Amino acid sequence: MNFSSAMDWLKVNKKWFLSGIGLLMLTTLLTVLRSVGYRVWKELIYFRSYDFYISTPVVSLVNQKEFAKHKKTIEEIIAILKQSKSNSRIFSFISEISILPTSGASNYNIKKIYSTLRRSKKYIGIFPSNVMSGAHCEAGFALALGKPSLFFVKDINDLPTILRKAPSVYSFVTIQIYDNDEDLKRIFKESGKDLFIKYLS
């Protein structure tokens, strides 16, 4: 096809040719907008701050039944905190998953955890038993970041030595003993938004 033939074809098929160009440009524009929009959304999520970071053992829980029971308790505590302080932003890893993960497939992203802790105002650690857990690492991160921290335990010896001694070293840390899940929820209900004022003042 020579130039003259090409021009004749273009005159005849001008409408379809321009429609094709327009469709291609629109598709490219939508692709770019989708990519940019996703990145902006991702950045907004990444830099979102939280009022409370609730840490608790997850992978080390014995079975799915224990996991479900403990998850329910944590979610009730989150609801209590949100009720006492409207618009509270609260992060807890256990509330983001529905089944007990295995140690090899926990989706436990240490970089994300540290980033989220860094963007949280206060740290709450709930340790229902004496188990080795990544939650202890999160408590260590909170100490290193200087976050006001409350550790809730049934027995102070359930905590590693370094965490047991934290209140004697840091003025922004305290340890509280509770008897059972109902007692723990009672503490949060009675203290509400003044939880940290009551136990850290």
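Whatever comes next refers back to the structure up there.
Residues numbered from 1 in each chain as written. Predicted model: local features only at pLDDT ≥ 70, side-chain atom pairs only at ≥ 80, totals over all residues. Heavy atoms only, no water.

Counting buried residues in strand β1 (residues 50–55) gives six out of six residues, a clear majority hidden from the surface. Taken together, the five bridges between β1 and strand β3 (residues 120–127) define a ladder with parallel strand orientation. Considered in β3, the bridge of Tyr50 is made with Ser120. Pairing of β1 with strand β2 (residues 90–91), which is carried by two bridges, proceeds in the parallel orientation. (Buried < 20%, exposed > 50% of the residue type's maximum accessible area, 1.4 Å probe, protein only. Helix = DSSP H or I, 4+ residues; strand = E, 2+ residues; numbered from the N terminus. Pairing = 2+ DSSP bridges.)

The strand order β2-β1-β3-β4-β5 describes an open sheet built from five strands, whose pairing is parallel. Edge positions in the sheet fall to β2 and β5 (173–177), since each has one partner strand and no second. Pairing of β3 with strand β4 (residues 149–153) involves five bridges; the strand directions are parallel. Counterpart to Ile126 in the pairing with β4 is Phe152. Its contacts with the sheet put helix α5 (residues 134–145) on β1, β3, β4 and β5, and the angle it makes with β3 is roughly 145 degrees. (Contact = heavy atoms within 4.5 Å. Axes fitted to C-alpha atoms, helices over the stretch in contact; angles between N-to-C directions.)

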